[in-house]
Amino acid sequence: MMTDELVVVASERQVELLAAEGMRAETRRRLEERLAASHLQNTRFAGDAARRAALAMALPAALERDARAVELRRSALGWERTIDAIDEALGVLRARGVGARELGAVEHTEPIAAVLRRAMNALDARLERAGLVDERLRGPRLAEAIARARPEDVARTVGTSRIRARFVVRWDACDAAWWRALGAALARAGGGASVELPVVSKLIDATRANDPFEALVAEVASLLDEAPVEADVDSFVGDATFVGAVPESAKRVSLRRALDADAQARAAVAAVVAAQSDGASTDRIVIGVPRGASERARAALARHFEEAGIPLHLATREPAALGETALALLEAGASGLARRDVATLLRAGGLDASAISGAPDPRAARAAVRDLASALERTPTAEHDDPLERLVATAAASLPDRPERARIARRFGTALLACAAEVPRTEHARRARALFASVGLGARPGAAVRGALSRDDARPQLVAAELEAYARDARALESLAAALSEIEQADLALGGAEPCAPATFVHELRRAIRGRGATGASRAGAVRALPLEPLAGEALDLLIVVDANDGVLPARDASAGIVTPSLEDALRLRRIDSPRSLVELAAASAGARHVVLCHRTTDHDGAAIAPSPIVSWLERGGVAATFVHSAPLLGAPTTPHERNLALLHVAPDRAEELAPRSARIAAREIARAEIHARPDAPGTELLLDEHLRALLEIETGGGARPLSVTALERIARCPFQGFAAQVLGALDDDPRADDTPDRREEGILAHEALGAAFVAAAPLWTARPRDAVAIERVAMQAADAALARSGGALVRAALDRIRLEVARIVTLAIEDDTWDFAFAERSFGADGDEWPAFIVADASGRVALRGRIDRVDRSHDQVAVRAIDYKRRVSLPAIQELGGTAIQVPIYALVAQRALGASAARGRYLSTVSPARASTAAFDERFAELVAPESDGSTQATRAALELVLAIRRGEIAPRPEAPKWCASCGLDGACRRPRFAVTMVGREEGE
């Protein structure tokens, strides 16, 4: 049974709205699919997965001798992205009615046309072998089938003899082909097909150029061979030329000028909250996202709406977190089991530690997997040609007596490598499913959501967030399974025998996941964020348009990758994206009670960007613009947390009542800021009881275990830094290891090599005159033995640099006849050390010190000793720092003097990078003052060391560094929370 008329629209939402009004409606895509199912029953079309696979199979042989294609393949795009670029170009050309014959006609002037022609022919031939046709050719094939069919059969398939496309503004040659044929068939059946486009009425003037509405009408008319029906719309854009007066309808428009993408998202959230407060229905609030809008704008919208607790339906095409984990699992084997990639996967959510480790106890399994991840992060990659054996050797290198690490690494690596072979796509899909099963990849409620759901007092926000995360994971797994099935079916349709590289398979899988997009179910009860075209004619309470910037509204007529403007000109193709985007905006806003246009003033790099001409035109016409900042206190609060901050800001005296938790945080941060910025601010002192006081004394050298001199120097730099490292055991360095030695590792290697060199030549140092040649030979042989280490070019370069440093230090020592080498790397204070702990005590307290002296020299006359500390930098401690932040060498000198019974003590900091710099007379004089004994046997250095320790024992741990550089190089700033705005430092500055 046929109804009176079928209305063809752009989106399912428009179908729903027209159905509510009693009208029969259908999307253009759905109508095309129904017609194809009826009239092209014997034609099998290749979708995106099958077409992409066929192109990857056919291109190498088709283009191997084409110089331009070789250049593309070797470009920074990579082979998979080159295939994407060619596939996109073929889609653009086919949508605009360009075939191989047209490309061949221009290839003598456009070399890229030859590449595209060969690619097009190769793709069609490969699909034809499998009995398939490129889905993008469905329009022309359908046009031919409709032309051959009986008109009454066509009308029966459509369900009516009259159809009308309403406000569908995007037409290409393929769409126009089957629409023309359909219109002709329905006309023979007594009906017809018409296209209705929005226009703005104006006086006829033959001398003026077409406005965007008229340009679009003319373009569609040339494609359909008949003039569209013009429907007048009352839009705030006027005639979209932006030269006349602003129309009366612009009164319903508001402008938001945002600093960046985050500020723009805040403006959108604020507009939605205001509209909902005024009674607007969520279903009638829409965010229009123009086709040229940035991905950062989309991401910012998703983030800020989530923080505000407002459901948002954003049709994203990026894989969710669990999907990215699945793709990373497939990529790890093909990339050679890089240790850091494997460690990241071991820590990834969505994997089952018991499945990975084979341990039945979940707690023990999680601990074992985390332990393996830490080992891989901290251990440089072992040398081995086989990737699996290299991973296993790396896992076992740090602790060879832990076979569990090696066993789990082998088990996990074997599973990952199973997906690294070049096999057909069907086999890739089978192995991928096996890998996911072997590591327990799945969407499962975590401990947080299980605990939240099991408690009666669970916070609704926590439960909602956990359930949403669980739902996202479930949807990601569904998309992953569907994408694998799609690729599998495509490969079977193509024969399923040609091998595929792992990287190509992962790339195609990612494209298949993106192609599925978001589910329609997530639209229910949510603010919709979608392109402008599907909004045509919809009655809205609020329309928010984001990224209303120049180049987005109106859209620039940009080239489509390989289809350059030069090739478009050669093919005589017209570009009308600019009129289309403006017409879409006009049609979408015609039914909106209120429109908010948001534009950014800066891009993601901070560079200024211009607003859309629409925005500038509205401002000139008197529409006011409001500036929106990304800072929460410079605008209306959009989240509960911002509301608390705003309340504190306007009523600080009621802080404890309005937002007690935020008040405590604010008070704490104010105190921290004062500590860092004001010299007279009260310090941070621990509230000490008897037990804590005893603990501090034990941990700072007052008990059986001496305090290291390195820790003492750290306390001198900053009390809090020393307290956190020594008492709390906090680490301020990154435990992850590089495959080449970092600065710390190079320092250790340099100290070992220097110690070996000087010890090996020990019998030769006291001779006069010295045998420089013999010392250098023996010393460098020992250094080479200490530095014997395999590795790549970067490792060898680092070791060569250390060898040069050792040679320079040895040469400097040979030339210094005053001093003879005595000891290298001499430890004191620990069990088994040759020298005992160094005790500093007086009536106020006692501290035992331990450490290791890089080098000890004795004067040639055996009267004095000298402690040397190597530094792998050019800059050395200044005179003013001696006895304070440079207290190591004075203490070391006193230790050596006491152990060797020398009458005088000296010290020197020696740069291995630039060792020729000798100590100044002023430095030596100040050093002598520090170590000179006084009547009670103490020295300035020992009294300074004891006072530093006693201050910590008294609980004085304020984070007040002696100089700004100690903050710059401190990894504990997250613990002391030094505010970025506290620029005034307390204490001595460098060079004072």
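Before reading further, recall that the structure is shown in the block above.
First, a word on what this report is: a plain description of the structure on this page. All figures in this text were calculated on a predicted structure; none of them were measured in a lab.

Observations concerning the pairing of strand S18 (residues 819–828)
With seven of its 10 residues buried, S18 lies for the most part within the structure. In this sheet, strand S20 (residues 845–859) lies alongside S18 in antiparallel orientation, the contact comprising eight bridges. The residue bridging Phe828 from the neighbouring strand is Gly851, located in S20.

What to know about empty space enclosed by the protein
Remark: the empty space left among the atoms is shown by a probe the size of a water molecule rolled over them. Overall, the coordinates contain three cavities of 30 Å³ or more when judged by the stated rule. The space that makes up the largest cavity amounts to roughly 40 Å³. As for the largest cavity, its lining consists of Asp48, Ala49, Arg52, Ile487, Glu508, Arg511 and Ala512. Contributions of two or more residues to the lining of the largest cavity are made by helix H3 (48–63) and helix H23 (502–516). Of the residues contributing to the lining of the largest cavity, the split by class is three nonpolar, no polar and four charged.

Section: the pattern of salt bridges
Inspection of every chain in the model, using the stated rule, returns 67 salt bridges. Between Asp800 and Arg803 there is a salt bridge, with its nearest N and O atoms 2.9 Å apart. With Asp800 and Arg803 both in helix H35 (residues 793–815) and three residues apart, the pair spans about one turn of that helix. Residue class for Asp800 comes out partly exposed when judged on its relative accessible area of 41%.

A closer look at the packing of aromatic side chains
For any two aromatic rings, the description comes down to two numbers: the centre-to-centre distance and the angle of the planes. One pass over the full model with this rule turns up seven aromatic pairs. With 5.4 Å between their ring centres and 70° between their planes, Trp171 and Trp179 make a pair best called edge-to-face. By relative accessible area, which is 2% here, Trp179 ends up buried. Consider the rings of Phe828 and Tyr892, whose centres lie 6.1 Å apart with planes at 80°: the pair is edge-to-face. Placement of the pair is Phe828 in strand S18 and Tyr892 in helix H36 (residues 888–900), with a sequence separation of 64 residues. Like Phe828, the residue Tyr892 is buried in the burial classification. Among the aromatic side chains, those forming a connected cluster through ring pairs are Trp171, Trp178 and Trp179. The ring of Trp835 carries Arg826 above its face, with NZ or CZ at 5.1 Å from the centroid.

Focus on the sheet that holds strand S13 (residues 527–530)
Pairing is parallel in the open sheet, where seven strands are placed in the order S10-S13-S9-S14-S15-S8-S16. Of all the strands in the sheet, the pair left with one neighbour each is strand S10 (312–314) and strand S16 (625–628). On average, adjacent strands in this sheet sit at an angle of 20° to one another, irrespective of strand direction. The pairing of strand S9 (residues 285–288) with S13 spans three bridges and is classified as parallel. Bridging from a neighbouring strand, Gly288 pairs with Leu530 of S13. Helix-sheet contacts for helix H13 (residues 295–308) involve S9 and S10, and the interaxial angle to S10 is about 160°.

Let's talk about the sheet that holds strand S5 (residues 162–166)
Pairing within the open sheet is parallel, and its five strands lie in the order S2-S1-S5-S6-S7. This sheet does not close on itself; its edge strands, each paired only once, are strand S2 (25–27) and strand S7 (229–232). Mean inter-strand twist for the sheet, computed between neighbouring axes without regard to direction, equals 30°. One ladder, built from three bridges, connects strand S1 (residues 6–9) with S5; its direction is parallel. By the bridge assignment, Val8 is partnered in S5 with Ala165. Most of the contacts of helix H11 (residues 212–224) go to strand S6 (residues 192–199), to which it runs at about 165°, and overall it touches S6 and S7.

Cut-offs applied
Residues numbered from 1 in each chain as written. Predicted model: local features only at pLDDT ≥ 70, side-chain atom pairs only at ≥ 80, totals over all residues. Heavy atoms only, no water. Buried < 20%, exposed > 50% of the residue type's maximum accessible area, 1.4 Å probe, protein only. Helix = DSSP H or I, 4+ residues; strand = E, 2+ residues; numbered from the N terminus. Pairing = 2+ DSSP bridges. 1 Å grid on protein atoms, 1.4 Å probe; cavity = no way out; pocket = protein on both sides within 12 Å on 5 of 7 lines; lining within 4 Å. Points joined across faces, edges and corners; volume = space filled by probe spheres on them. Nonpolar A, V, L, I, M, F, W, Y, C, P; charged D, E, K, R; others polar. Salt bridge = Lys/Arg side-chain N within 4 Å of Asp/Glu carboxyl O. Phe/Tyr/Trp six-rings, centres within 6.5 Å; stacked < 30°, edge-to-face > 60°. Lys NZ or Arg CZ within 6 Å of the ring centre and 35° of its normal. Axes fitted to C-alpha atoms, helices over the stretch in contact; angles between N-to-C directions. Contact = heavy atoms within 4.5 Å.

Just geometry here; none of it tells us what the structure is for.
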